[in-house]
Amino acid sequence: MTTTNNSAPLYNFGAGPACLPQAVLAQIREDIPNWYEGMSIMEISHRLPVVMKLTEKIEANLRTLLAIPEEFAVLFMHGGARTQFSAVPLNLLNGAAEADYIVTGHWSNLALKDASAYCKAECVASTSEGQFTSLPSHYRFTEASPYIHYTDNETIHGVEFATPPEADKWLVSDMTSNILTKSLDFSRYGLIYASAQKNLGIAGITVVIVRKSLLGKAHPFTPPTLNYELCFQNHSMINTPPVFSWYVLGLVVDWALQMGGLTAITKQVAEKAKLLYELIDASDFYHNPVAIEARSRINIPFRLPSEMQESLFLAEAEKNGLKQLKGHKVVGGCRASFYNAMPIEGVKALVDFMRYFEKAHG
Ligand SMILES: Cc1ncc(COP(=O)(O)O)c(C=O)c1O
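Calculation criteria
Residues numbered from 1 in each chain as written. Predicted model: local features only at pLDDT ≥ 70, side-chain atom pairs only at ≥ 80, totals over all residues. Heavy atoms only, no water. UniProt positions renumbered as here; feature names shortened; annotations may be inferred. Helix = DSSP H or I, 4+ residues; strand = E, 2+ residues; numbered from the N terminus. Buried < 20%, exposed > 50% of the residue type's maximum accessible area, 1.4 Å probe, protein only. Contact = heavy atoms within 4.5 Å. Core = buried A, V, L, I, M, F, W, Y, C linked by side-chain atoms within 4.5 Å. Domains from an automatic or database assignment. Polar contact = N/O pair within 3.5 Å; in protein donor to acceptor, adjacent residues only side chain to side chain. Axes fitted to C-alpha atoms, helices over the stretch in contact; angles between N-to-C directions. Parallel < 35°, antiparallel > 145°, perpendicular 65-115°, else oblique. Left-handed = near helix turned anticlockwise from the far one by under 90°. Nonpolar A, V, L, I, M, F, W, Y, C, P; charged D, E, K, R; others polar.

As annotated in an unreviewed UniProt entry, the protein is Phosphoserine aminotransferase from Candidatus Berkiella aquae. The UniProt entry for the protein carries this comment under Sequence similarities (unreviewed entry): "Belongs to the class-V pyridoxal-phosphate-dependent aminotransferase family. SerC subfamily." The record held by UniProt for the protein lists under Subcellular location (unreviewed entry) the comment "Cytoplasm".

And the structure:
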């Protein structure tokens, strides 16, 4: 939380790039002028032992936080989650002609489209008919697919899997918008990826957690920077890494550990979501279209009775220090994102404002 011009608190509900923890921002301010021998971390070689040590520590802390088993490699890659839409089939198809994709919203649909350049990407379940407001009830998995791709939390449509889909193959999951919000059963996964600018820091770096047994099978055309095996062998430094984004990720992971780790975070995530859903469900003015069992705890879209009221709502919210509540252009309306850096006070301020607005304009 920072403050507005009239010193009222300011809360940023943007879906990403998203708010950072205040403690992380303060540490960045302190570190920027002089992180190592009078230079900032942005100005020194990534090969320096001090940087190598930092990246090792970040991996160790991330492993502790998520309880990542030894049989998984942790890679720090370029290109955002979108690049993983290509990197996954390039690395994991291993000669297979098709791969299974579950489509529950904008991002999983795009993952399927991007994968179609490399194989027959099979849509094994889709909730598009219901405008992506639910989760699939069944899947038509193919025999030949080496993995099943799904998006654990659809950032735009506000749809989240409470438990991973049942399947007898390795799951590959895009967790860009809900990583670090719950503990994971790694025995179900072949690979998990998340770009950093929502819950892991800032854009520029993507965490890829991949089963070591799946390494070394990349298509020969795979660019070296997208080759998981090469990244693993080269400690994610196959070329100049995005050092600053990596360092910020380290600060966020430290902060999450200090918050009490995943047990404390999961509890807070649930509390924050409950506050807003309770208000929406008790109101005839606000509406969330997603089936209750499919609702995201992190990205909560909501509509008002008319677009005019939505515009007024967004303008007044901005004036009150409640920033970036506009819904994605694909769905319109409003959306509140509650990443870990959003304090519960921010959610309470939003809920209070929504109550006031309904009274004034409902
Ligand atoms: C679930 C999900 N997947 C993928 C992406 C694309 O991420 P990036 O911009 O890092 O490529 C986003 C971006 O918002 C997202 O929310």
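**Student:** Quick one: what's the story with the UniProt feature "binding site: L-glutamate" (unreviewed entry) in the protein, residue by residue and with numbers?
**Tutor:** The sites that UniProt annotates as "binding site: L-glutamate" (unreviewed entry) are Arg-47. Mapped onto the fold, Arg-47 is located in the loop between α1 (22-31) and α2 (49-66). Given a relative accessible area of 47%, Arg-47 falls into the partly exposed group. Residue contacts for Arg-47: discarding those within four places in its chain leaves Met-52 and Met-237.

**Student:** I'd like a description of the nonpolar core, backed by residues and values.
**Tutor:** Judged by nonpolar contacts, the single largest core of 53 residues is most densely connected at Leu-62, Leu-66, Phe-76 and Leu-249. With ten residues, helix α6 (residues 243-258) is the single largest residue contributor to this core. Two domains share this core, each providing at least three of its residues, namely domain 1 (10-21 + 261-361) and domain 2 (27-258). Those residues in contact with Leu-66 that sit more than four places away from it in its chain are Ile-179, Leu-180, Lys-182, Leu-184, Phe-186, Ile-209 and Leu-262. By size, the runner-up hydrophobic cluster in this structure holds 32 residues, among which are Ala-73, Leu-75, Met-77 and Ala-121.

**Student:** Lay out the side chain of Asn-12 with the relevant residues and their values.
**Tutor:** Its place among the elements puts Asn-12 in strand β2 (residues 9-12). A distance of 2.8 Å separates the side chain of Asn-12 from the backbone nitrogen of Gly-14, its partner in a polar contact. There is a polar contact of 2.9 Å between the side chain of Asn-12 and the side chain of Gln-324. In contact with Asn-12, other than residues within four places in its own chain, are Ala-18, Cys-19, Lys-323, Gln-324 and Met-342.

**Student:** Just give me the short version of the UniProt feature "modified residue: N6-(pyridoxal phosphate)lysine" (unreviewed entry) in the protein, but keep the residues and values in it.
**Tutor:** Mapped onto the present numbering, the UniProt feature "modified residue: N6-(pyridoxal phosphate)lysine" (unreviewed entry) falls at Lys-198. One can find Lys-198 in the loop between β10 (189-195) and β11 (206-211). Apart from the residues within four sequence positions on either side, Lys-198 is in contact with Ala-15, Gly-16, Ala-18, Thr-155, Thr-176, Ser-177 and Tyr-339. A polar atom in the side chain of Lys-198 sits 2.9 Å from the backbone oxygen of Ala-15.

**Student:** Give me the packing of helix α8 (residues 307-319) against helix α9 (residues 344-361): which residues, what numbers.
**Tutor:** The interhelical angle for the contact between α8 and α9, taken along N-to-C directions, is 135°, at an axis separation of 11 Å. In terms of axis orientation, α8 runs oblique to α9. Here the hand of the crossing between α8 and α9 comes out right-handed. Listed contacts from α9 to Gln-309, Leu-312, Phe-313, Glu-316 and Ala-317 of α8 are Phe-353, Met-354, Tyr-356, Phe-357 and His-361. Partitioned by chemical class, the residues of the contact of α8 with α9 number seven nonpolar, two polar and one charged.

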